[in-house]
Amino acid sequence: MPILASLPGLNLLSSLPSNPPQNDTTSSTPSPSPPIPIPKYPPPRSRNPKTDVPRSNPALSIPHRRSNYRKPVQKGVISTDGDRCVIVGENGVSYKLPGAPFEFQYSYSETPNAEPIAIREPAYLPFAPPTMPRPWTGKAPLKKSKKNIPLFDSFNPPPPGKKGVKHVEKPGPFPFGKYPKEGKTREEILGEPLKKWEIKMLVKPLLSYNRQVNLGRDGLTHNMLDLIHSHWKRRRVCKIKCKGVPTVDMDNVCRHIEEKTGGKIIHRVGGVVYLFRGRNYNYRTRPQYPVMLWKPATPVYPKLIQEAPEGLTKAEADEFRKKGKSLLPICTLAKNGVYASLVKDVRDAFEECPLVKIDCKGLQPSDYKKIGAKLKELVPCVLLSFDDEQILMWRGRDWKSMYGDTSSTLVPVKADISSGIDNSAKSSDDSGTPGAQRVVSSPKMMSLWRRAIESNKALLLEELALGPDALLEKVEEFEGMSLAIEHSCEALVLSSEDGSSSSSSAEFKGGSYSEDENDIYSSDDIIDDEDYDDDSFAEVNPSIPLGSLPVDKIAERLRRESK
C-alpha cells in the first residue's frame with residue numbers, strides 16, 4: 001500500500017469514471033438464447049358494451065323476465081311485421097300469421113277471460129323469422145346422414161316384417177268393404193262415428209301405455225299441437241294425461257283439444273283423455289304449424305283480490321277475512337293433482353256456509369291464483385283472500401241454492417212421553433212460543449225428504465199432537481200400505497195350447513188389467529243396448545220380461561255384429 005501511494009498521478013479516493021469503457025465486440029461471446037420461446041399474447045379485447053356488435057335476431061335481445069318493463073296496451077294490433085302481427089283481444093295476446101287457420105297463442109285453454117292491461121316484454125313474434133332457412137335451435141345444422149331412411153305414413157305403412165322400421169298403424173278401422181279416402185275437412189277425416197267395440201279395441205291397449213302427452217299447468221300449449229300429430233303418425237289414438245290447474249275445468253280442456261287438433265275424444269277417465277285421429281287421417285297432409293322458439297312473458301291482468309269486492313263494503317270484507325282465519329278448509333289440494341270435483345265441492349259447501357276456504361299448501365302462488373280465477377267464473381263466487389296459501393271465497397248476495405228455497409220446520413224442545421201428549425207442540429202454528437224452536441233444515445236434506453215422500457218411502461205427519469199409541473198406529477198403517485204398493489204386480493199367464501203366448505190379468509186388491517206384455521214393465525226396467533255396461537250384472541231387476549236379461553242382450557248384440 002505505501003508503494004501504491006507513492007506512485008505519481010494515482011488517487012485512491014477518486015470516483016469511478018462516468019463513461020464506462022465499451023466492450024470489445026470482437027472478443028465478447030454472444031449470450032445464449034432461451035430454450036422455450038416467449039409466447040406473444042394478443043392484446044386484450046375491449047369490454048366496452050358500446051363497441052359490441054348488436055345481434056340481428058330481436059328474440060335474443062328480449063329483456064329479462066324479472067325486469068320492470070311494463071307497457072300499457074289496449075285491444076287491437078300492437079305490433080306488425082309485414083303480414084305478421086301481434087294482437088291483444090278477448091283471448092289475451094295472440095299472434096296472426098298469413099295462411100294460418102286461427103290465431104296462435106302460447107296457451108289455448110288457460111287464458112283468462114279478462115283483457116290484459118299491460119305486457120312485460122316488447123311485442124315480438126315467438127316464431128322463427130321468414131328469412132331463416134330452418135328453425136333456430138342454437139346449434140349448427142347436422143351433416144346429412146349417409147343412410148337412406150325410408151319414410152312411412154298412415155296411408156303407406158311399411159310391409160309387415162320389415163327390419164329397422166318402427167310400428168306404424170294402418171288407417172281406420174273401417175267397416176267391411178270400405179277403404180281409406182283423402183279428406184280435407186274435419187268431418188271427412190274423422191269419418192263415420194266409432195262403435196262401442198271399436199272404441200274398446202282402440203283404448204284397451206293404451207290403458208297401461210306409457211307413451212303419452214303430459215298436459216301441465218300451462219294447459220294446451222301451441223307446441224303440443226305438433227307433438228300430438230307426431231304421436232298420431234304411428235298410432236291411431238293419442239293418450240293425454242292432464243294434471244294441475246287445467247283439471248278444474250276439464251270440459252274446457254277437451255273442447256280446445258278437439259278444436260285445435262281436429263281429433264275426437266273417444267274416452268275420458270279423470271284427467272286422462274284418449275284422442276282419436278280419425279278414420280281417414282293422413283300424416284303427409286296434416287296441418288303444419290310453426291313451432292314457438294321461446295315462451296312469451298305472461299301479460300299483466302287486473303287484480304283478482306279487491307279491498308271492497310262486489311256487493312261488500314270494505315268493513316264487511318275485512319270482517320269476512322277475519323272470520324275466515326278461524327274457518328276450517330273443506331279440502332287440501334295436492335300438488336299436480338286432479339281437481340275435477342273441486343267446483344262441485346265448493347257449491348255443496350256454499351249450501352251450509354257463506355264462506356268457503358281451500359288449503360293450497362305446497363302449490364305455486366301462480367297455480368292457486370289461477371284456480372281461484374277459475375272458481376270465480378265456474379261456481380260463481382267472490383274471492384276475498386289468498387293469504388297463508390289458502391283461497392277464501394264468499395258466495396255473494398245473488399247466490400241461489402241448488403235445491404230450491406230453504407224451508408223451516410218446528411222441532412219441539414221437550415216431549416212428555418209419559419203423558420202421551422207433546423205439550424210443547426200444542427201451539428205449533430205460533431213460532432214465537434217459548435216451547436218451540438225454529439230449526440232451518442239443510443236444502444239438500446229437504447230435497448231428500450221431499451223425494452222420499454213423493455215415492456211413498458216416508459210419511460209426513462200433519463198432526464204433531466200425537467201420543468205414542470196413535471203414532472204407532474199411524475206408522476203400522478203406513479208400513480202395510482207401502483209394502484202392498486211395493487210388492488203388488490200384475491200376473492202373467494202363458495198358455496201353450498196353440499203355441500202362442502197370451503197375457504191375462506189376475507185380480508188382486510188394488511190391481512189393474514193389462515193386455516200388452518210391455519205395459520207391465522216400465523221403461524226403466526228394460527235394459528237398452530246403447531246404455532249397456534259389462535259391469536251391470538249385479539243391478540239387473542229380477543222381474544224383467546223374457547228376452548231382456550243381460551245374457552240375451554249380449555247374444556243379440558254379437559249376432560248383430562257377426563252379420
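Model, not experiment: these values are computed from the prediction. (Residues numbered from 1 in each chain as written. Predicted model: local features only at pLDDT ≥ 70, side-chain atom pairs only at ≥ 80, totals over all residues. Heavy atoms only, no water.)

A. Seen up close, the packing of helix α7 (residues 342-350) against helix α8 (residues 365-378). Contact geometry of α7 with α8 gives a least axis separation of 11 Å together with a crossing angle of 60°. With respect to α8, the axis of α7 lies oblique. Seen along the crossing, α7 lies across α8 with a hand that is right-handed. On α8, the residues touching Leu342, Val343, Val346 and Arg347 of α7 are Ile371, Leu375 and Leu378. For the contact of α7 with α8, a count of residues per class yields 6 nonpolar, no polar and 1 charged. (Axes fitted to C-alpha atoms, helices over the stretch in contact; angles between N-to-C directions. Helix = DSSP H or I, 4+ residues; strand = E, 2+ residues; numbered from the N terminus. Parallel < 35°, antiparallel > 145°, perpendicular 65-115°, else oblique. Left-handed = near helix turned anticlockwise from the far one by under 90°. Contact = heavy atoms within 4.5 Å. Nonpolar A, V, L, I, M, F, W, Y, C, P; charged D, E, K, R; others polar.)

B. Representation of the sheet that holds strand β6 (residues 213-215). Pairing is mixed across the open sheet formed by 4 strands, whose spatial order is β6-β7-β9-β8. Pairing within the sheet leaves two strands with one partner each, and these edge strands are β6 and β8 (264-269). Direction aside, neighbouring strands of the sheet carry axes that sit 25° apart on average. As paired elements, strand β7 (residues 237-242) and strand β9 (residues 272-276) share 5 bridges and run antiparallel to each other. Each bridged residue has a counterpart across the sheet, and for Lys241 the counterpart in β9 is Val272. Strands β7, β8 and β9 of the sheet are contacted by helix α3 (residues 196-203), whose axis makes an angle of about 70° with β8. (Pairing = 2+ DSSP bridges.)

C. Summary view of α7. Along α7, the residues classified as buried are Leu342, Val343, Val346, Ala349 and Phe350. Looking straight down α7, one finds its buried side chains confined to an arc of 130°; they lie on one side. For α7, the elements touching its buried residues are β10 (355-359), α8 and β12 (390-394). (Buried < 20%, exposed > 50% of the residue type's maximum accessible area, 1.4 Å probe, protein only. Arc of directions from axis to C-beta.)

D. Broad picture of the packing of aromatic side chains. Taken as a whole and judged by the stated rule, the model has 9 aromatic pairs. Measuring from centroid to centroid gives 5.8 Å for Phe102 and Tyr289, while their planes differ by 50°, and the two rings are tilted. Placement of the pair is Phe102 in the loop between β4 (92-96) and β5 (118-119) and Tyr289 in the loop between β9 and α6 (314-324), with a sequence separation of 187 residues. Of the two residues, Phe102 and Tyr289, neither departs from the other in class, the shared state being buried. (Phe/Tyr/Trp six-rings, centres within 6.5 Å; stacked < 30°, edge-to-face > 60°.)

E. Structural view of the sheet that holds strand β2 (residues 76-81). Read across the open sheet, the 3 strands follow the order β2-β3-β4; overall the sheet is antiparallel. For this open sheet the edge positions go to β2 and β4, each flanked by a neighbour on one side alone. Between one strand axis and the next, the sheet turns by 20° as a mean value, whatever way the strands run. The pairing of β2 with strand β3 (residues 84-89) spans 5 bridges and is classified as antiparallel. Bridged to Thr80 within β3 is Cys85.

F. α8, seen in detail. When the terminal C-alpha atoms of α8 are compared, their 20 Å separation across 14 residues agrees well with the 20 Å that a helix rising 1.5 Å per residue should span. For α8, the set of buried residues is Asp367, Tyr368, Ile371, Gly372, Ala373, Lys374 and Leu375. In this structure, the buried residues of α8 make contact with α7, β10, β11 (382-385) and β12. (Expected span 1.5 Å × (residues − 1).)

G. A look at the nonpolar core. One finds Tyr95, Leu215 and Ile240 to be the most contacted residues of the largest nonpolar core, which totals 34 residues. When contributions to this core are tallied by element, the ones reaching two or more residues are β3, β4, β6, α4 (223-232), β7, α5 (250-261) and β9. Look past the residues within four positions of Leu215 in its chain and what remains in contact with it is Leu220, Met224, Ile240, Lys241, Cys242, Lys243, Pro246, Val253 and Ile257. By size, the runner-up hydrophobic cluster in this structure holds 23 residues, among which are Val356, Ile358, Cys360 and Tyr368. (Core = buried A, V, L, I, M, F, W, Y, C linked by side-chain atoms within 4.5 Å.)

H. Region of the structure containing unusual backbone geometry. With an omega of 0°, the peptide bond between Gly172 and Pro173 qualifies as cis. Within the secondary structure, Pro173 sits in the loop between β5 and α2 (186-190). That bond from Val379 to Pro380 is cis: its omega, -15°, falls within 30 degrees of zero. Its location among the elements puts Pro380 in the loop between α8 and β11. With a phi angle near 55°, Asn336 is a residue other than glycine that sits in the positive phi range.

I. A look at the confidence of the model for the protein. Taken over all residues, the pLDDT of the protein has a mean of 75, while the share at 70 or more is 67%. Counted against residues more than four places away or in other chains, residues 488-543, with its pLDDT under 50, gives 52 contacts. (pLDDT = per-residue confidence, 0-100.)

J. The pairing of β4, seen in detail. When you tally the buried positions in β4, you get 4 out of 5 residues, the bulk of the element. Pairing between β3 and β4: 5 bridges, direction antiparallel. Across the sheet, the residue bridging to Ile87 is Ser94, located in β4.

K. Quick look at the pattern of salt bridges. This model, assessed by the stated rule, comprises 15 salt bridges. Notably, a salt bridge pairs Glu110 with Lys374, separated by 3.3 Å at the nearest N-O pair. Here Lys374 lies in helix α8 and Glu110 lies in the loop between β4 and β5, a separation of 264 residues in the sequence. Of the residues examined, Lys374 reaches a relative accessible area of 12% and is grouped as buried. One salt bridge in this structure joins Arg235 and Glu169, with 3.2 Å as the shortest N-O distance. You can see Arg235 sitting in the loop between α4 and β7 and its partner Glu169 sitting in the loop between β5 and α2, a full 66 residues away along the chain. Given the relative accessible area of 17%, Glu169 is considered buried. Look at the salt bridges and you will find they share partners, linking Lys75, Glu90 and Glu115 into a network. (Salt bridge = Lys/Arg side-chain N within 4 Å of Asp/Glu carboxyl O.)

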